[in-house]
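Spelled out, the chains give:
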Amino acid sequence: RLGPLGIRGEAHFELGRYRQAFVVAERSLDARPDMASYARASYAAELRGNHREAIALMRLAAESGLPGDPARAGLQLQLGLLLLREGRISAAGRVFRTIGRENPGDPEAVIGAARVAVARGQLARAERLYERGIVELPDADHWAELADVQWALGKRSAARRSVAEARAGLAEGAEIEDNAVERVLLEADWTRPGPALVAEARAARERRPSIVGDAALGWVLTRAGRCAEAHRVATRSLRLGTRDPLMIFRAAMAASCAGEADEAAALARRARDLNPRFSARWAPVAALLAGDRPRSG
């Protein structure tokens, strides 16, 4: 459970008040080094692009819980995702297998294995694993990731059905939490944004004026062809040095949209170097943007 410091820290993160958030994360860790404070400090390190520290702190957070504890499993999941963002695929696979061993039948272990399969380029296996995991855990983000895999496999009708499931999940979730950022990102991935979606993305960022809100608005503007503003906003999303390959890729696309070819290629290479298969759908686009085109003759 979050104490007063933890609640304040979470609010600062969500509102993009990073200087205050980092101070609170450090104070809470000093005051009480436990599962919650380790996890919060890990997130602070991740935002600043220090993945080595973020991974070490998340390991400490997970080790603070007992095997079979759902909270421990959730932190192990975050640890696995951190490792994947760094391209440490085998290490991430070991973490997801640990979740399954300690929590038999946990669908997060299956979804984690699907993400590892994507990172290894095993898309047919990834599709089967996502379909298994989604039976028990039909979260919108899992449906969206499955749609990306299906699209990359050329299964366009199946991908559209999965996107429809993701939309339905987000619509249902909107009744209990503000998931506008997630909704506009999904729509920008799969539609050509019009004025209504741009307005929704602006409102989402106003409520969540963080790098997450900046990245979402930047992507919507990029996909809508509003290139100059997209470039400014997407660049702002990287201001902390965050090493998220998908976020960096979206900034690369914004730079490309704005005619900044060299910047776009450099950003695409950064995303690729972190994890060459960070997304079944978008990693091939990043490779092209980075200049990784096959040579002929």
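Our subject is the structure listed above.
Before going into details, it helps to say that this report is about the structure given with it. (Residues numbered from 1 in each chain as written. Predicted model: local features only at pLDDT ≥ 70, side-chain atom pairs only at ≥ 80, totals over all residues. Heavy atoms only, no water.)

1. Brief notes about the environment of arginine 250
Going by this rule: Each helix is a run of H or I in the DSSP string that is no shorter than four residues. Each strand is a run of E no shorter than two, and both are numbered from the N terminus. Three exposure classes are used, based on accessible area relative to the maximum for each residue type with a 1.4 Å probe and protein chains only: buried under 20%, partly exposed in between, and exposed over 50%.
Of note, arginine 250 is situated in helix H15 (residues 245-257). Judged by relative accessible area, which is 13%, arginine 250 ranks as buried. The spatial distance from the C-alpha of arginine 250 to the C-alpha of alanine 234 is 7.3 Å, given a sequence separation of 16 residues.

2. A short note on the pattern of salt bridges
Condition: We count a salt bridge whenever a side-chain nitrogen from Lys or Arg sits within 4 Å of a carboxyl oxygen from Asp or Glu.
Going through the model one piece at a time under the given rule, you end up with 18 salt bridges. Salt-bridge contacts for glutamate 86 lead to arginine 243; the nearest nitrogen and oxygen are separated by 2.9 Å. You can see glutamate 86 sitting in the loop between helix H5 (70-85) and helix H6 (89-102) and its partner arginine 243 sitting in the loop between helix H14 (227-237) and H15, a full 157 residues away along the chain. You can call glutamate 86 partly exposed: its relative accessible area is 22%. Residue classification places arginine 243 among the partly exposed residues on the basis of a relative accessible area of 30%. Overlapping salt bridges, with partners in common, bring together Arg205, Asp214, Arg236 and Arg239 in one network.

3. With respect to a positive patch on the surface
Note the cut-off: Two joining distances apply to patches: 9 Å for like charges and 5 Å for nonpolar side chains (Val, Leu, Ile, Met, Phe, Trp, Tyr), and every residue must have over 30% relative accessible area and no salt bridge. Residue burial considers only the protein chains on display, and all accessible areas are found by Shrake-Rupley using a 1.4 Å probe. Charge counting treats Lys and Arg as positive and Asp and Glu as negative, with His and both chain ends excluded. By convention, the charge on Lys lies at NZ, on Arg at CZ, on Asp at CG and on Glu at CD.
A surface patch of like charges, here positive, comprises Arg52, Arg59, Arg88, Arg94, Arg97, Arg101, Arg120, Arg125, Arg128 and Arg132. Secondary-structure elements contributing two or more residues to the positive patch are helix H4 (51-63), H6 and helix H8 (123-136). By secondary structure assignment, the location of arginine 125 is in helix H8. Relative accessible area serves as the criterion here: at 40%, arginine 125 is assigned to the partly exposed category.

4. Remarks on the packing of helix H16 (residues 261-274) against helix H17 (residues 283-290)
How two helices sit against one another is set out by the angle between their axes and by the gap between those axes. What counts here: Angles shown run from 0 to 180 degrees and are taken between the N-to-C directions of axes, each axis being a line fitted to C-alpha atoms and, for helices, limited to the stretch in contact. Orientation labels follow simple angle bins: below 35 degrees gives roughly parallel, above 145 gives roughly antiparallel, 65 to 115 gives roughly perpendicular, and whatever is left gives oblique. Rotating anticlockwise by less than a right angle from the far helix to the near helix defines a left-handed crossing, while the corresponding clockwise rotation defines a right-handed one. In what follows, a contact means two residues having at least one pair of non-hydrogen atoms within 4.5 Å. The classification used treats Ala, Val, Leu, Ile, Met, Phe, Trp, Tyr, Cys and Pro as nonpolar, Asp, Glu, Lys and Arg as charged, and all other residues, Gly among them, as polar.
Relative orientation of the contacting elements H16 and H17 amounts to 135 degrees, with a least axis distance of 8 Å. Viewed along their axes, H16 and H17 adopt a mutual orientation that is oblique. The two elements H16 and H17 meet at a crossing, and its hand is left-handed. Residues Ala264, Ala265, Ala268, Arg269 and Arg272 of H16 form the contact with H17, whose participating residues are Ala286, Leu289 and Ala290. Looking at side-chain class alone, the contact of H16 with H17 contains six nonpolar, no polar and two charged residues.

5. Overview of the packing of H8 against helix H9 (residues 140-152)
With their axes 10 Å apart at the nearest point, H8 and H9 run at an angle of 155 degrees to one another. As the angle between them shows, H8 and H9 are arranged roughly antiparallel. Regarding H8 and H9, the two cross each other, and that crossing is left-handed. Residues Leu123, Ala126, Glu127, Tyr130, Glu131 and Ile134 of H8 lie in contact with H9, whose contacting residues are His142, Trp143, Glu145, Leu146, Val149, Gln150 and Ala152. A breakdown of the residues in the contact of H8 with H9 according to their chemical character gives eight nonpolar, two polar and three charged.

6. Comments concerning the packing of aromatic side chains
Keep this limit in mind: Under the pairing criterion, centres of Phe, Tyr and Trp rings, with the six-membered ring standing for Trp, must be within 6.5 Å; the plane angle then separates stacked pairs below 30 degrees from edge-to-face pairs above 60, leaving the rest tilted. Criterion for a charge above a ring: Lys NZ or Arg CZ within 6 Å of the ring centre, and within 35 degrees of the ring normal.
Under the counting rule described, the total for this entry stands at eight aromatic pairs. Their ring planes at 55 degrees and their centres at 6.0 Å tell us that tryptophan 219 and phenylalanine 249 sit as a pair that is tilted. Pair noted here: tryptophan 219 is in helix H13 (residues 211-224) and phenylalanine 249 is in helix H15, with a separation of 30 residues, a long-range link. Residue classification places tryptophan 219 among the buried residues on the basis of a relative accessible area of 1%. The class for phenylalanine 249 is buried, based on a relative accessible area of 0%. Here the guanidinium or amino end of arginine 156 rests over the ring plane of tryptophan 151, the centre of that ring lying 3.9 Å away.

7. Structural notes on H5
The cut-off we apply is this: Here, expected helix span is obtained from the residue count minus one, scaled by 1.5 Å. Within 3.5 Å is the distance limit for a polar contact, defined as a pair of N or O atoms, with the added protein rule that one can donate a hydrogen and the other accept it, and that residues adjacent in sequence qualify only through two side-chain atoms.
Over its 16 residues, H5 runs 23 Å from end to end, which matches the ideal 22 Å to within 8%, given 1.5 Å per residue. Listing the buried residues of H5 in full gives Arg72, Ala73, Leu75, Gln76, Leu77, Leu79, Gly80, Leu81, Leu82, Leu83 and Leu84. Along its buried surface, H5 packs onto helix H3 (35-47), H4, H6 and helix H7 (107-119). Residue aspartate 69 occupies the N-cap position of H5, its side-chain oxygen lying 2.9 Å from the main-chain nitrogen of alanine 71. Looking one or two places after H5, you find glycine 87, whose phi comes out positive at around 75 degrees.

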